[in-house]
Amino acid sequence: VDRYKSGATVKVKEGRQTLNFTLGKISDSPLVRVKKNQLKSKKRTKFEKGDAQLSEGAKASLDLIVHELMVRTEIKKLRVESHVDTANDEADNVRLTRARAQAAADYIISRGIESNRILWEGVGSKRARAPNMTKRGRARNRRLEFHIVN
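Residues numbered from 1 in each chain as written. Predicted model: local features only at pLDDT ≥ 70, side-chain atom pairs only at ≥ 80, totals over all residues. Heavy atoms only, no water.

### Details of the nonpolar core
Leu 69, Ile 108 and Phe 146 are the most contacted members of the largest nonpolar core, which totals 26 residues. Here this core gets 7 residues from one element, more than from any other, and that element is helix α1 (residues 56–71). Excluding residues that lie within four positions of it along the chain, Ile 108 makes contacts with Leu 62, Ile 65, Val 66, Leu 69, Val 80, Ile 113, Ile 118 and Phe 146. (Core = buried A, V, L, I, M, F, W, Y, C linked by side-chain atoms within 4.5 Å. Buried < 20%, exposed > 50% of the residue type's maximum accessible area, 1.4 Å probe, protein only. Helix = DSSP H or I, 4+ residues; strand = E, 2+ residues; numbered from the N terminus. Contact = heavy atoms within 4.5 Å.)

### Observations regarding the confidence of the model for the protein chain
As a general rule, the predicted coordinates of low-pLDDT regions are not to be interpreted in detail. On average, the protein chain scores 85 in pLDDT, and the residues at 70 or more come to 91%. Averaged over each element, pLDDT in the protein chain is lowest for strand β1 (residues 9–14) (75) and highest for strand β5 (residues 78–83) (96). (pLDDT = per-residue confidence, 0-100.)

### What to know about the sheet that holds strand β4 (residues 38–41)
In sheet architecture, strand pairing relies on hydrogen bonds along the backbone and comes in two forms, parallel and antiparallel. Strand order in the open sheet made by the 5 strands is β3-β4-β7-β5-β6, with mixed pairing throughout. Edge positions in the sheet fall to β3 (32–35) and β6 (118–124), since each has one partner strand and no second. On average, each strand axis in the sheet is inclined to that of its neighbour by 30 degrees, with strand direction left out of account. Bridging between β5 and strand β7 (residues 143–148) involves 6 bridges; their strand directions are antiparallel. For Glu 81, the partnering residue across the bridge sits in β7 and is Glu 145. Here α1 sits on the sheet in contact with β3, β4, β5, β6 and β7, set at roughly 140 degrees to β4. Each of β5, β6 and β7 touches helix α2 (residues 90–110); the most contacted strand, β6, lies at about 160 degrees to it. (Pairing = 2+ DSSP bridges. Axes fitted to C-alpha atoms, helices over the stretch in contact; angles between N-to-C directions.)

### Quick word on the environment of Ala 130
Among the secondary structure elements, Ala 130 is positioned in the loop between β6 and α3 (135–141). Sequence separation of Ala 130 and Arg 140 is 10 residues, and the distance between their C-alpha atoms is 6.5 Å.

### Concerning the pairing of β6
A regular strand places its side chains on the two faces of the sheet in alternate fashion. Pairing between β5 and β6: 6 bridges, direction parallel. What sits directly across from Glu 81, in β6, is Glu 121. Following the backbone out of β5, through α2 and into the adjacent parallel β6, one traces a crossover that is right-handed. (Right-handed = clockwise from strand over helix to strand, strands pointing away.)

### Here's the deal with the pattern of salt bridges
Where charged atoms from two side chains of opposite charge approach closely, those side chains can pair. In total, this model carries 11 salt bridges according to the counting rule given. Measuring nitrogen to oxygen at the nearest pair gives 2.7 Å for the salt bridge that ties Glu 68 to Arg 72. The two residues Glu 68 and Arg 72 agree in class, both being buried. One salt bridge in this structure joins Arg 79 and Glu 81, with 3.0 Å as the shortest N-O distance. With relative accessibility at 2%, the residue Glu 81 sits in the buried group. One salt-bridge network, held together by shared partners, links Arg 79, Glu 81, Glu 121 and Arg 127. (Salt bridge = Lys/Arg side-chain N within 4 Å of Asp/Glu carboxyl O.)

Right, here's the structure in full:
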């Protein structure tokens, strides 16, 4: 990936299909920014309730992260963290978040990012951003975070 420069076309083979991506400049992606050692995407990666399968929308969101990792070669390692609300018991939450974090990490790797650059962790509900008493609070707690671990 270090050899890819802004404007380069990257070919990714997926099964029998070859996908072409043209890499933009870092400033071309207003949807992802670095803040406090995290890649922050304005497009949330959403999962169906109780499921770890990536929807097309989730894949599109993760493609933004892939793009940033291809352009920002100074990011040597990224940890994908999955979080949920407290709707289920914690053992189920941890299992679900592990499956979601791994699904996201596997997808990022499948798009051409070296596996040694990606770590993943299922956190469960123990690091809430907001109280789980409201629908909005629970929605804020269901998230993926992308931590730079250089």
